[in-house]
Amino acid sequence: MENLSSPLKKNENDKVLDATLRPKKWKEYVGQENVKRNLKIIIKAALQRKEPCCEHLLLYGQSGLGKTTLAYLIAKEMQSDIKIVSAPSLQKIGDLAAILTNLSLGDVLFVDEIHRLSRSCEEIIYPVLEEFRLNLIIGKGPMARTIDINIPRFTFVGATTKMSLLSAPLRNRFGGTFQLEYYLQKDIEEIIKQSASLLDIKIDQEAIKVLAKCARFTPRVANRLLKRARDFAQVEEDGIISKETAEKTLEILKIDKVGLETEDRKILKTIIEKFNGGPVGIQSLAAATLEDQDTILDVYEPYLMQLGFLKRTPQGRMVTKAAYEHMGMKTLFS
Ligand code: ADP
């Protein structure tokens, strides 16, 4: 059954939805013009030189902004196969070695959440990235011996939401580093329109605008909202997503006009009521809201900051005048 909980939280259906809606051509990949332009040049240059792979690339930005999609596009343009793996699943050297030794010439290896790569894996990957050589130590003590395996040349694409957690040596191994920005409202509208057409959903232009405004400037959230609105239109109405259907969908999801969910509002309310508007440290905020610290940092805070409702100061988080106004709470600001 479709999960009707927060469109922010990841669920199993996302994987299927992401795969269905993933752009297959550059022109379907909306926005991020500068990143696209740079990547196209890097790829074209490698193809013109008849190289089997291009420079190793690092993509960073919030979840759902299109990093995995870009990796697929890079592979497609390079006429390569892509292997996808998440860094937390590579805890042991053997896990990584198995993947590396199974690569074919020119493959793209996409490693998501690269900031969570274990220290031991990180160390063995340096010579692989530089010289395509895997040095392994087999056995222990006096019996230990090293083996040196040649790995076919491949393109390494790393993705992270937390650039600051990446070690400098790892960061330096990438030939190109690209930050994905939050999308403009018009780009999110375009993405909703494109997804609606792919899923054969009928939706009014006004409804697209309403959903886009609440999509946290993020394609994945936009696609989820579209799907929820489709369900609502199908079950409660005539199947077409009108402006009213979009608004009702947001209402039952408890998403307000600027895309804030219950948890976002709880964070603002807590800072205002319990901490007098801040500053408050992240640990105290997590304790007071009963939210996980990482979730606040990765999911709620970036969007609240993007909206200008929250700011970071050396003393901690503070809400802004705009946040008081949005929450309809008495402001301390004159
Ligand atoms: P990330 O890897 O950054 O978490 P994904 O690449 O998985 O994000 O993107 C999530 C979904 O959002 C994809 O399935 C795709 O449908 C959509 N998407 C992401 N970026 C774009 C874009 N620029 N244009 C159109 N759709 C996009």
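Quick caveat: nothing in here was measured; it's all calculated off a predicted structure.

**Things to note about the overall build of the chain**
Stage number 1. Along the chain, the regular secondary structure elements total 14 helices and 9 strands.
Stage number 2. Along the three orthogonal principal directions, the C-alpha set of the chain runs to about 70 × 50 × 35 Å.
Stage number 3. Residues counted as buried form 49% of the 334 residues belonging to the chain.
Stage number 4. Carbon and sulfur atoms provide 51% of the accessible area of the chain, an area that totals close to 17,100 Å².
Stage number 5. Separation of charge centres in the chain, based on 50 positive and 44 negative side chains, amounts to 3 Å.

**A word on the pairing of strand β7 (residues 176-179)**
The two faces of the sheet receive side chains in turn, since in a regular strand these alternate between them.
Stage number 1. Covered by surrounding structure in β7 are G176 and F178 only, the residues T177 and Q179 on the alternate face being uncovered.
Stage number 2. Bridge count between strand β1 (residues 57-60) and β7: 4 bridges; the pairing is parallel. Looking across to β7, one finds that L57 is bridged to G176.

**Describing the domain arrangement of the chain**
Buried accessible area, meaning the area lost when the parts come together, often serves as the stated size of an interface.
Stage number 1. Segmentation of the chain into domains returns domain 1 (32-179), domain 2 (185-252) and domain 3 (262-327).
Stage number 2. Using only C-alpha atoms to locate each centre, domain 1 and domain 2 end up separated by 35 Å.

**Remarks on the site of the ligand**
Stage number 1. Around the ligand sit 20 residues in total, of which V30, G64, K67, T68 and T69 are the nearest.
Stage number 2. Between an oxygen atom of the ligand and a main-chain N or O atom of L65, the distance comes to 3.3 Å.
Stage number 3. Here an oxygen atom of the ligand and a side-chain polar atom of N223 are 3.3 Å apart.
Stage number 4. Burial of the ligand by the surrounding chains reaches 98%, relative to a free accessible area of 570 Å².
Stage number 5. At the level of secondary structure, the elements contributing two or more residues to the shell around the ligand comprise α1 (12-21), α3 (67-77) and α9 (219-236).

**Here we look at helix α8 (residues 205-213)**
Stage number 1. Among the residues of α8, A207, I208, V210, L211 and A212 are the ones counted as buried.
Stage number 2. Contacts made by the buried residues of α8 are with α7 (185-198), α9 and α10 (243-252).

**Some remarks on the packing of aromatic side chains**
Stage number 1. Applying the stated criterion across every chain, the model contains 5 aromatic pairs.
Stage number 2. Between F132 and F154 the ring centres are 5.6 Å apart and the planes differ by 80°, which places this aromatic pair in the edge-to-face class. Of the two residues, F132 sits in the loop between α5 (119-131) and β4 (133-138) while F154 sits in the loop between β5 (145-150) and β6 (155-160), which places them 22 residues apart along the sequence.
Stage number 3. Ring geometry for Y182 versus F217: centroids 5.9 Å apart, planes at 65°, classification edge-to-face. Placement of Y182 in the loop between β7 and α7 and of F217 in the loop between α8 and α9 is noted, with a sequence separation of 35 residues between them.
Stage number 4. Three or more aromatic residues joined by ring pairs make a cluster, and in this case those are F132, F154, F156 and F174.

**Topic: the nonpolar core**
Stage number 1. Formed by 74 residues in total, the largest nonpolar core has its most connected members in L70, I192, I203, L211, L225 and I241.
Stage number 2. Of all the elements, α9 adds the most residues to this core, at 6 residues.
Stage number 3. Beyond its immediate stretch of four places on either side in the chain, I203 contacts I192, A196, I208, L211, L226 and I241.
Stage number 4. Core analysis: the second largest hydrophobic core is formed by 28 residues, L109, I125, L129 and F174 among them.

**Things to note about the sheet that holds β7**
Stage number 1. The strand order across the open sheet formed by 5 strands is β2-β3-β6-β1-β7, and the pairing between neighbours is parallel. Whereas interior strands pair on both sides, the edge strands pair on one side only; in this sheet they are β2 (82-86) and β7. Here the strands of the sheet are splayed against their neighbours by 15° on average, with no regard to which way each runs.
Stage number 2. Where β1 lies against β6, 4 bridges are found, and the strand directions are parallel. In the sheet register, L57 faces β6, and the bridge partner there is V157.

**Some thoughts on the pattern of salt bridges**
Stage number 1. With the rule as written, the count across this model stands at 20 salt bridges.
Stage number 2. Between D294 and K162 there is a salt bridge; the shortest N-O distance is 3.9 Å. With D294 in helix α13 (residues 293-306) and K162 in the loop between β6 and α6 (168-172), this residue pair connects regions lying 132 residues apart in the sequence.
Stage number 3. You can call D294 partly exposed: its relative accessible area is 39%.
Stage number 4. K162 sits in the buried class, given a relative accessible area of 17%.
Stage number 5. One salt-bridge network, in which partners are shared between bridges, spans K162, D294 and D298.

**A closer look at the packing of helix α12 (residues 282-289) against α13**
Stage number 1. Interaxial distance between α12 and α13 falls to 9 Å at its minimum, and their mutual angle equals 95°. Here α13 runs roughly perpendicular to α12, going by the angle between their axes. Taken together, the residues of α13 that come into contact with α12 (itself represented by I282, Q283, L285, A286 and T289) are Q293, I296, L297 and E301.
Stage number 2. Class assignment for the residues of the contact of α12 with α13 results in 5 nonpolar, 3 polar and 1 charged.

**Some details on the packing of helix α2 (residues 33-48) against α3**
Stage number 1. Across the interface, α2 lies against α3 with an axial gap of 10 Å and an inter-helix angle of 30°. By the criterion of interaxial angle, the relationship of α2 to α3 is roughly parallel. Considering only the axes of α2 and α3, their crossing is right-handed. Side by side, α2 and α3 meet where V35, L39, I43 and L47 of the first sit next to L70, I74 and E77 of the second.
Stage number 2. The residue makeup of the contact of α2 with α3, split by class, is 6 nonpolar, no polar and 1 charged.

Definitions and limits used
- Residues numbered from 1 in each chain as written.
- Predicted model: local features only at pLDDT ≥ 70, side-chain atom pairs only at ≥ 80, totals over all residues.
- Heavy atoms only, no water.
- Helix = DSSP H or I, 4+ residues; strand = E, 2+ residues; numbered from the N terminus.
- Buried < 20%, exposed > 50% of the residue type's maximum accessible area, 1.4 Å probe, protein only.
- Areas by Shrake-Rupley, 256 points an atom, 1.4 Å probe, with all protein chains shown as cover.
- Lys, Arg positive; Asp, Glu negative; His and termini not counted.
- Charge placed at Lys NZ, Arg CZ, Asp CG, Glu CD.
- Pairing = 2+ DSSP bridges.
- Domains from an automatic or database assignment.
- Near = heavy atom within 4 Å.
- Polar contact = N/O pair within 3.5 Å; in protein donor to acceptor, adjacent residues only side chain to side chain.
- Contact = heavy atoms within 4.5 Å.
- Phe/Tyr/Trp six-rings, centres within 6.5 Å; stacked < 30°, edge-to-face > 60°.
- Core = buried A, V, L, I, M, F, W, Y, C linked by side-chain atoms within 4.5 Å.
- Axes fitted to C-alpha atoms, helices over the stretch in contact; angles between N-to-C directions.
- Salt bridge = Lys/Arg side-chain N within 4 Å of Asp/Glu carboxyl O.
- Parallel < 35°, antiparallel > 145°, perpendicular 65-115°, else oblique.
- Nonpolar A, V, L, I, M, F, W, Y, C, P; charged D, E, K, R; others polar.
- Left-handed = near helix turned anticlockwise from the far one by under 90°.

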